[in-house]
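# A closer look at the structure
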Amino acid sequence: MSQLENIQAEYEKFPEEFESVIISTVSAQAIPNASYAPFIMDDSKNIYIYVSGLSTHTKNLYANPHINVLFIEDEAKSNLIFARRRLSFDCTATLIERETDEWNQIVEQFQGRFGEIIEVLRGLSDFRIFQLTPSEGRFVAGFGAIYDITGNNLDQLVQITGDNDQKQG
């Protein structure tokens, strides 16, 4: 396998290491909020979160559907704190209407992954499911191993060097 093929395989499997994702939302007043939510992901890399309507991040999603998600390596597992592996996606959030076929199918997937707590949440009318559709991303595999993620299936990795990008990973 080439180095890029190894990085590609690592990128594809990285989200499987997590049960929750860090989410960044922005209010209507442009105030940022960082939080987290348990998630499921489909084959197209759409991320689904099941969140309380009482939370700041849910209110923010109604006001502004742009959201960034972050998967980041556990500090305890990192060899170097300055180079933790991480994956982020810029996404657009879409509310999945309650009690539709799609909503029921997604709730079943949440129940399969997280168990009985989903039955409790299912009975709470303030809980919402949002589909987070990624448009682009970035995978940091370590120092000097930074890749922009593009393509129709978010399957194209392009290594970033100091010559071709000034954004931080």
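Residues numbered from 1 in each chain as written. Predicted model: local features only at pLDDT ≥ 70, side-chain atom pairs only at ≥ 80, totals over all residues. Heavy atoms only, no water.

## Here's the deal with the pairing of strand S4 (residues 66-72)
Quick note on the threshold: Any residue under 20% of the maximum accessible area for its type is buried, any over 50% is exposed, and the rest in between are partly exposed; the area is computed with a 1.4 Å probe on protein chains only. Counting from the N terminus, the helices are the DSSP runs of H or I reaching at least four residues and the strands are the DSSP runs of E reaching at least two. DSSP calls a pair of strands paired once it identifies at least 2 bridges connecting them.
Of the two faces of S4, the one lined by Ile-67, Val-69 and Phe-71 is fully buried and the one lined by His-66, Asn-68, Leu-70 and Ile-72 carries no buried residue. Bridge count for strand S1 (residues 20-26) against S4 is three bridges, and the pairing is antiparallel. By the bridge assignment, Ser-24 is partnered in S4 with Asn-68. Both S4 and strand S5 (residues 86-96) contribute to a ladder of seven bridges, which runs antiparallel. Directly across from Ile-72, in S5, lies its bridge partner Arg-86.

## Some points on helix H3 (residues 101-114)
Quick reminder of the rule: Expected helix span is computed as 1.5 Å times (number of residues minus one). Here, the arc refers to the directions that run from the helix axis to the C-beta atoms. We call two residues in contact whenever any of their non-hydrogen atoms come within 4.5 Å of each other.
Over its 14 residues, H3 runs 20 Å from end to end, which matches the ideal 20 Å to within 8%, given 1.5 Å per residue. Within H3, burial applies to Trp-103, Ile-106, Val-107 and Phe-110. Looking down the long axis of H3, one finds its buried residues gathered within 105 degrees of arc, a one-sided arrangement. Projecting away from the buried face of H3 at angles above 90 degrees are the exposed residues Asp-101, Gln-105 and Gly-112. In this structure, the buried side of H3 is in contact with strand S2 (32-41), strand S3 (47-52), S5, helix H4 (117-122) and strand S6 (127-142). Gly-115 lies just past H3 and shows a positive phi near 85 degrees.

## Remarks on the nonpolar core
Inside soluble globular proteins, nonpolar side chains tend to come together where they are buried. What counts, and what does not: As used in this record, nonpolar core signifies buried Ala, Val, Leu, Ile, Met, Phe, Trp, Tyr and Cys residues forming a set joined through side-chain atoms within 4.5 Å.
With 28 residues, the main nonpolar core has Ile-49, Val-69, Phe-71, Phe-89 and Leu-132 as its most contacted residues. Of all elements in the fold, only helix H1 (3-13), S1, S2, S3, S4, S5, S6 and strand S7 (145-150) reach the threshold of two or more residues within this core. Setting aside residues no more than four positions away along its own chain, Phe-71 makes contact with Phe-14, Pro-15, Phe-18, Ser-20, Val-21, Phe-39, Met-41, Ile-47, Arg-85, Arg-86, Leu-87 and Phe-89. The next biggest cluster of nonpolar side chains, apart from the first, holds 12 residues, and it includes Ile-96, Ile-118, Leu-121 and Ile-129.

## A closer look at a nonpolar patch on the surface
Note the following rule: Patch members must show over 30% relative accessible area and no salt bridge, and they are joined within 9 Å when carrying like charges or within 5 Å when they are nonpolar side chains of Val, Leu, Ile, Met, Phe, Trp or Tyr. Per-residue and other accessible areas follow the Shrake-Rupley method at a 1.4 Å probe size, with only the shown protein chains counted as cover for residues. What counts as a salt bridge is simple: a side-chain nitrogen of Lys or Arg found within 4 Å of a carboxyl oxygen of Asp or Glu.
On the surface, Leu-80, Ile-81, Phe-82 and Phe-143 cluster together into a nonpolar patch covering about 490 Å² of accessible area. Along the polypeptide, Leu-80 turns up in the loop between S4 and S5.

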